[in-house]
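Read off the chains here:
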Number of protein chains: 2
Amino acid sequence: MSTKTKKVTINDVARMAGVSKRTVSRVINGSPLVGEETRKRIENVIESVSFQPDKQARGLASKRSYLLGLVYDNPDALYIDQVQRGALSICSELGYELVVHPCKWHEPDFVDNCLKFIARSNVDGLLILPPVSESKLLAKALQDADHPYVRIASADLDDHDNIVISNERAAMAEIVEHLVELGHNNIAMITGPLHYYSSQERLGGFKTSAQKAGLTLADNHIVEGKNNYESGLACAEQLLSLPQRPSAIFANNDEMAAGVLRVAHTLGIKVPEQLSVIGFDDNLFASRVIPSLTTMRRPVEKLAMLATQKLVGHFQHDGISTKVETIVDPYLIKRESTAKPQDKGAATAT
Amino acid sequence: MSTKTKKVTINDVARMAGVSKRTVSRVINGSPLVGEETRKRIENVIESVSFQPDKQARGLASKRSYLLGLVYDNPDALYIDQVQRGALSICSELGYELVVHPCKWHEPDFVDNCLKFIARSNVDGLLILPPVSESKLLAKALQDADHPYVRIASADLDDHDNIVISNERAAMAEIVEHLVELGHNNIAMITGPLHYYSSQERLGGFKTSAQKAGLTLADNHIVEGKNNYESGLACAEQLLSLPQRPSAIFANNDEMAAGVLRVAHTLGIKVPEQLSVIGFDDNLFASRVIPSLTTMRRPVEKLAMLATQKLVGHFQHDGISTKVETIVDPYLIKRESTAKPQDKGAATAT
DNA sequence: TTGTATGCGTTATCAC
DNA sequence: GTGATAACGCATACAA
C-alpha cells in the first residue's frame, strides 16, 4: 500500500501562514526583509508540515540546480568513497547533491565530454579530483565558459579560489626526515610519470629535503615509474641490482611500493632489515601487505570538504565562511616496512 | 572571456522548424503521433543547434527528475568506482544522472535518512548496494512509499523486478571444486557474520558443495568472522592452532584472507605449500599481497548495469529492453595462494 | 515589511 | 497530426 502523500508546496505554506508566497520565499532564502513575528509564524508552519522547497522548480526559476558534479578518473579510486563522504557532509548541510562523473581524461574528447556533462546535468559547479585536476585544458575550458569549479591537486597550479592543495613538498620532507632519523643515507626514489605536476612536486621536495639533510643523491638512484604495480616491479629490479644498492626506497605510490616489496621478496632481500620501503597514498592494502607499508596519507575527506565549501562559495554568498583553507598537509603512517638499516651482507636464512 | 551562449530552448527549435512546441515535445519524447516529414525536419533542427531539453524544466512538468540515487555503505568500497561506471554507462545512454548517497546503515535513523534523501533530491529511483541491500526495513519503506528501487545482493530476497543477484552458491561450488581438484580434503571456512544473507548463502553453498564432493566438514573447521582484517587474524589463529590443522582455508572476503596470510606468516606456515588460502572480492590488494590471493570476483560492473536497466524500466517503458538478467555468476581468479597440499610436517627452511 | 505579476523550459489537456 | 494554453513550484522585478 502506498502512503505517498501529495507534496506540500510553497502555496500551501503561504495559505496556512496567512501570507503571500513571496514572503514564504523570503523566509526560505533567508532574506532579512521579513518581520520577526511573521518569520516565526512561517517557520513554524514549514516545520510542522516539513515543507521542502522543490529542487527542480527552484532550479528552473533561479537558474541553479543545487547539484554539484564530481569529476574523477582514478581507476584504483579507493579515495572516491572518502571524497564523496567528505563532499556530501558539506553538501547536505547546504542543500546540495552530488552527481558523479567518472571519465577517461586521456581520451581526446575528454574536455568536451565534461562540458556536455555540465550542459545536460545542469550542475552548478565541478569538483575535480587528481589526476584530472592537473588538466590545463579542462580548467581553461571551464574558465572560458564561466563554470565554477574547484580542483583538488598536489601543486599550486591555479587561483586559490579554484583549488585545494595537498602539500606534498612538506610530505617529502617528512619522509626524508623519517629515513634520516633511522640512519639511512643511501636513499632511492621511484618517481611517478614526470609529466605530472604531482610527480615533479614530490621529486622536487625529495631533492630539496635530501640536500638539506646533507645527503648526496646518486643519479641512478632516481628512476621514473608509471605509478602502477608493473612499473614498480621494473624500477625495483633496476634499483636493487645496482652495485651500490640503496638501503631505502621511496615509491611515488603504494602500488609501486608493493612492486618493490615483491621484488625484494623474490631477490631474498629482507624488508625492513635490509631495505626500507615507503609508499604514498595509504591505499587499502598498505596495512595488509607483509610487511605492512610505511606510507603517506592525505587527509582526503578534509580536502573534499574544503573543496566543496570553496566551490559553493563561488555562487552562494550566505551561510558560507568566505575564507577556507587552501593547503593541507599529508602525514606519515609509520608501519613495518621501515627500520634502521643493517649490514646488507649475505642474506641470512630464515 | 566567457563564451557562454544562451541556452537554446524548445521554443527556439519550434520557431526554427516552423511548428508548435507541442510537436517538438512529441518528437523529443518519441511520440508516434507526428508526421514523418515533420519529425525529420524537427530532428534536423535539434541536431543542428544541438538542443538538449532542460532536465529541471522537464522534471518540473513531468514529475520526474531523471536522477538516479546510489545508496551504499561499504567502507572499503573499492567497488564503488566500478559500480558508478557501470551504472553510468547505462544512465548516460538513457539521459539519467547518478546522485550518490553514502550512508551508515546501522544507525537508527538510516531508513528515514534515505527517505529524506529521496524527498530532497527527487531521484526517480534507487540503486542499493550490498550490504545495505540486505535491509528489509529500507525495502519495506520504499515499497510502502511506492519508490522504485533495485538492489544488488547475494541472495534471492526480493521480487526479481527489484533485484539483481550475484550467484554465490555457484561461486562456492567453484571454490570447492578448485580445492578438491588440487587434492584438498581438509578444508576450513571463515564465514562472514551469519546475520547477513550473503554469509549464509556462502556457508550453505560451501556445505552443499563439500558434501557433494564427499568431504566431511569438522564443526570446528567453520568459524564465524566479522568480515574485517582483525577478525581474520583471530579466526586464523583459531583454525591454525587446531590439532588437525586444515590444509585449505576459505575466507568470506579478502580482508579476512589477508588476516589468514598474516597469521600463517607469523606461525611459519608456508602458503601455499602448507596452506591454501582463498578469499572473496578480488579487492585491490588481492593481487598485491605475497603470495597473491586466489579469490572470487563478482562482475560488479555488469551487476550495476543490469540493476540500472531494471530500475529505469520501472518508470520508463520505451527504449528499454523489458527483460534483463537477474542472476550473474562470480568467477574464480586463480593466483598463488592455492596449490596442492604437501606434507605439513616440519617447516622446511627457505 | 509585504504582496502582485510574470517567467523559467517543459509536459499535458483538450480542441481543431 | 497539430497547436493554443494551462499547469508544474518557485524566484524575482516591481509595486504598494
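Residues numbered from 1 in each chain as written. Chains lettered and ligands numbered in written order. Predicted model: local features only at pLDDT ≥ 70, side-chain atom pairs only at ≥ 80, totals over all residues. Heavy atoms only, no water.

Novice: What is the right way to read the relation of the copies chain A and chain B from this model?
Specialist: Think of it as a corkscrew move, a rotation about one axis and a shift along it, taking one chain copy to the other. Take chain A, turn it by 180°, move it 0.0 Å along the axis, and it overlays chain B with an RMSD of 0.1 Å. Taken together, the turn and the small shift mark the pair as related by a two-fold rotation axis. Take the interface residues of chain A: 100% of them recur as interface residues in chain B, which is what a same-surface contact looks like. (Least-squares fit on C-alpha atoms with pLDDT ≥ 70 in both. Contact = heavy atoms within 4.5 Å.)

Novice: Quick question: what am I supposed to make of the interface of chain A and chain B here?
Specialist: Quite often, the size of an interface is put as the accessible area lost when its parts meet. Across the contact, 60 residues belong to chain A and 61 residues belong to chain B. Linking chain A with chain B are eight salt bridges, by the criterion used here. One salt bridge connects Arg288(B) with Glu255(A), and the closest N-O pair in it is separated by 2.9 Å. For the pair chain A and chain B, the number of links is 19 residue pairs in polar contact (both at pLDDT 80 or more). Put simply, the parts of the chain that give the side of chain A that touches chain B at least two residues each are helix H4 (55-62), strand E1 (67-72), helix H5 (79-94), strand E2 (97-102), helix H6 (110-121) and helix H11 (254-267) of chain A. The element contributing the most residues to the side of chain A that touches chain B is H5(A), with six residues. (Salt bridge = Lys/Arg side-chain N within 4 Å of Asp/Glu carboxyl O. Polar contact = N/O pair within 3.5 Å; in protein donor to acceptor, adjacent residues only side chain to side chain. Helix = DSSP H or I, 4+ residues; strand = E, 2+ residues; numbered from the N terminus.)

Novice: Got a minute to help me understand the pairing of strand E8 (residues 248-251) of chain A in this structure?
Specialist: Side-chain positions along a regular strand alternate between the two faces of the sheet. All names here are of chain A. Here E8 shows two buried faces, one formed by Ala248 and Phe250 and the other by Ile249 and Ala251. Where strand E6 (residues 187-191) and E8 come together, four bridges link them in parallel fashion. In the sheet register, Ile190 faces E8, and the bridge partner there is Ala251. Pairing of E8 with strand E9 (residues 276-280) involves three bridges; the strand directions are parallel. (Buried < 20%, exposed > 50% of the residue type's maximum accessible area, 1.4 Å probe, protein only. Pairing = 2+ DSSP bridges.)

Novice: Help me understand the protein's contact with DNA strand D, please; the structure alone is not making it clear to me.
Specialist: If you check the shell around DNA strand D, you find 26 residues, and the closest are Ile10(A), Arg22(A), Thr23(B), Gly35(B) and Thr38(B). A share of 61% of the atoms of DNA strand D within 4 Å of the protein falls on sugar and phosphate groups. The separation between a base nitrogen of DNA strand D and a polar side-chain atom of Arg22(A) is 3.0 Å. For the surface near DNA strand D, the elements supplying multiple residues, two or more each, are helix H2 (21-28) and H4 of chain A together with helix H2 (21-28) and helix H4 (55-62) of chain B. Take the surface near DNA strand D: its biggest share by element is four residues, from H4(A). Tallied by class, the residues present in the surface near DNA strand D amount to 10 nonpolar, nine polar and seven charged. (Near = heavy atom within 4 Å. Nonpolar A, V, L, I, M, F, W, Y, C, P; charged D, E, K, R; others polar.)

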